[in-house]
Amino acid sequence: MGVYVSMLTPLDIHNKEFKHGFRGYNEEEVDEFLDQVVKDYETLYRENIDLKETVERLNGKLEHYQHMENTLHSTLVIAQETAEEVKLNAKKETELIIKEAEIRAQGMVDEAFAKVRRLTGEYEDLQKQSQIFRTRLRTLLQAQMDMLNNAKEEDEN
């Protein structure tokens, strides 16, 4: 805000009266000159008011645009921060999904190995039982054969 300076208005100039003195200026010339000064001063005075209004209006627009620029800048900063945060969250989520998938995959592999070990154990047990069964069957058949051979020898004797 500027310092207010008292200015003459065109009306002040128009209403100014000078004292008459001895051998003074030609009153008609002075009045004509003052009328011209009032007219020119009034034009300048109005132009000055118009220019001040224009400056105020332009300053208002400038403030508005500066406010918009600040708002846009803030919005851009927020958008950049949000984008970085979204990228960081997406990266973390991706890493978490990958870790969960690796854990699940490892669990499935471990489960498959356990199943293979269990089935291998069952297979080995079945092989042992089959071996035992064959051995018993062979022994039984051998005993039966021996009995038949003994019975045949007894019948022949």
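What this report covers is the structure whose coordinates are included nearby. In this text the structure is predicted, and so the values were computed from the model without any measurement. (Residues numbered from 1 in each chain as written. Predicted model: local features only at pLDDT ≥ 70, side-chain atom pairs only at ≥ 80, totals over all residues. Heavy atoms only, no water.)

1. With respect to the overall build of the protein chain
- Check the secondary structure of the protein chain and you find two helices and zero strands.
- Its C-alpha atoms give the protein chain a radius of gyration of 59 Å, clearly above 15 Å, the size a compact globule of 157 residues would have.
- With the C-alpha coordinates of the protein chain rotated into their principal frame, the extents come out at 195 × 20 × 15 Å.
- Relative to its 157 residues, the protein chain shows a buried fraction of 3%.
- With the model as given, the accessible surface of the protein chain reaches about 15300 Å², and the carbon-plus-sulfur share is 58%.
- Separation of charge centres in the protein chain, based on 21 positive and 33 negative side chains, amounts to 10 Å. (Helix = DSSP H or I, 4+ residues; strand = E, 2+ residues; numbered from the N terminus. Rg over C-alpha atoms; globule rule 2.2 N^0.38 Å. Buried < 20%, exposed > 50% of the residue type's maximum accessible area, 1.4 Å probe, protein only. Areas by Shrake-Rupley, 256 points an atom, 1.4 Å probe, with all protein chains shown as cover. Lys, Arg positive; Asp, Glu negative; His and termini not counted. Charge placed at Lys NZ, Arg CZ, Asp CG, Glu CD.)

2. Here we look at a negative patch on the surface
- On the surface, Glu17, Glu27, Glu28, Glu29, Asp31, Glu32 and Asp35 cluster together into a negatively charged patch.
- If you trace the backbone, Glu28 turns up in helix α2 (residues 27–156).
- Looking at Glu28, the relative accessible area reads 55%, which means it is exposed. (Patch = residues over 30% accessible without salt bridge, like charges linked within 9 Å, V, L, I, M, F, W, Y side chains within 5 Å. Salt bridge = Lys/Arg side-chain N within 4 Å of Asp/Glu carboxyl O.)

3. So, a nonpolar patch on the surface
- A cluster of nonpolar residues, Phe133, Leu137, Leu140 and Leu141, forms a patch on the protein surface that exposes about 400 Å² of accessible area.
- Looking at where Leu137 falls in the secondary structure, it is placed in helix α2.
- By relative accessible area, which is 35% here, Leu137 ends up partly exposed.

4. Thoughts on the environment of Leu51
- Secondary-structure assignment places Leu51 in helix α2.
- Exposure remark for Leu51: the relative accessible area of 54% places this residue in the exposed category.
- Put simply, Leu51 and Asp31 are 20 residues apart on the chain and 29 Å apart in space, counted from C-alpha to C-alpha.

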